[in-house]
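Residues per chain are reported as follows:
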Amino acid sequence: MKHLKIKCLSANARSPERKTDGSVGYDICACISEIIIIAPGETKVIGSGFAIALEPGYAAFIYARSGLGIKSGIIPANCVGVIDSDYRGEVLIGLKNTSHEPFVIQDGDRIAQMVICKCALPEIVLCQDLDETIRGDGGFGSTGSN
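Residues numbered from 1 in each chain as written. Predicted model: local features only at pLDDT ≥ 70, side-chain atom pairs only at ≥ 80, totals over all residues. Heavy atoms only, no water.

## So, the overall build of the chain
Okay, so step 1: Along the chain, the regular secondary structure elements total one helix and ten strands.
Okay, so step 2: If you list the helices and strands of the chain from N to C, you get β-β-β-β-β-α-β-β-β-β-β.
Okay, so step 3: For the chain, whose C-alpha radius of gyration is 19 Å, the value lies well above the compact-globule estimate of 15 Å for 146 residues.
Okay, so step 4: If one aligns the C-alpha atoms of the chain with their principal axes, the spans along those axes are about 55 × 40 × 30 Å.
Okay, so step 5: A separation of at least 24 residues holds for 72% of the contacts in the chain among residues at least 6 apart in sequence. (Helix = DSSP H or I, 4+ residues; strand = E, 2+ residues; numbered from the N terminus. Rg over C-alpha atoms; globule rule 2.2 N^0.38 Å. Contact = heavy atoms within 4.5 Å.)

As structure tokens, this is what we get:
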């Protein structure tokens, strides 16, 4: 995918932006008309003010900004948000405050990051048996603790 079409839905919307050449994530800014306060343990949905048009076979994934998550306890409410290629509505960010302090969001604050990925969409085939592996059905620490 060479281009990502962005439609601004508000006059104060900011286009997603990579801050360095090596950045994979595009920072998403809040597009709000008044300050939002997220109380400890509370979840709020924050608008971005834009919509995107992904090509079929691609998805956008919404992740926490590492500084917000680690320093302030502000993380996506659903861990990772998924935007499908056929969605054309506003990109909305559900944020949860996992800290013990209220968190203030103002218009233009960077609140999340968006990563665009090509996704495999295989046809599902139901079967009676799966091929054997050395690991088998071992999980949750079955390969060791180190």
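Further notes follow.
## Concerning the sheet that holds strand 6 (residues 74-76)
Sheet strands line up and pair through hydrogen bonds in the backbone, either parallel or antiparallel.
Okay, so step 1: Taken together, the four strands give an open sheet; going across it, the order is 1-4-8-6, and neighbouring strands pair in antiparallel fashion. Pairing within the sheet leaves two strands with one partner each, and these edge strands are strand 1 (5-8) and strand 6. Put simply, the sheet's adjacent strands are angled 45 degrees from each other on average, direction ignored.
Okay, so step 2: Alignment of strand 4 (residues 43-53) against strand 8 (residues 90-97), held across six bridges, turns out to be antiparallel. Along strand 8, the bridge assignment pairs alanine 51 with glutamate 90. (Pairing = 2+ DSSP bridges. Axes fitted to C-alpha atoms, helices over the stretch in contact; angles between N-to-C directions.)

## Structural notes on the sheet that holds strand 7 (residues 81-83)
Okay, so step 1: Spatially, 2-10-5-7 is the arrangement adopted by the four strands of the open sheet, whose pairing is antiparallel. The open sheet terminates on both sides in strands that have one partner only, identified here as strand 2 (26-29) and strand 7. Direction aside, neighbouring strands of the sheet carry axes that sit 30 degrees apart on average.
Okay, so step 2: Of the strand pairs in this sheet, strand 5 (residues 58-63) and strand 7 are connected by three bridges, and their pairing is antiparallel.

## Quick word on the pattern of salt bridges
Okay, so step 1: Inspection of the entire model under this criterion finds four salt bridges.
Okay, so step 2: The salt bridge involving arginine 65 is made with aspartate 27; its shortest N-O contact spans 3.7 Å. With arginine 65 in the loop between strand 5 and helix 1 (66-72) and aspartate 27 in strand 2, this pair connects stretches of sequence that are 38 residues apart.
Okay, so step 3: Exposure remark for arginine 65: the relative accessible area of 19% places this residue in the buried category.
Okay, so step 4: Given a relative accessible area of 10%, aspartate 27 falls into the buried group.
Okay, so step 5: Beyond isolated ion pairs, a larger network of salt bridges with shared partners links Asp27, Arg65 and Arg110. (Salt bridge = Lys/Arg side-chain N within 4 Å of Asp/Glu carboxyl O. Buried < 20%, exposed > 50% of the residue type's maximum accessible area, 1.4 Å probe, protein only.)

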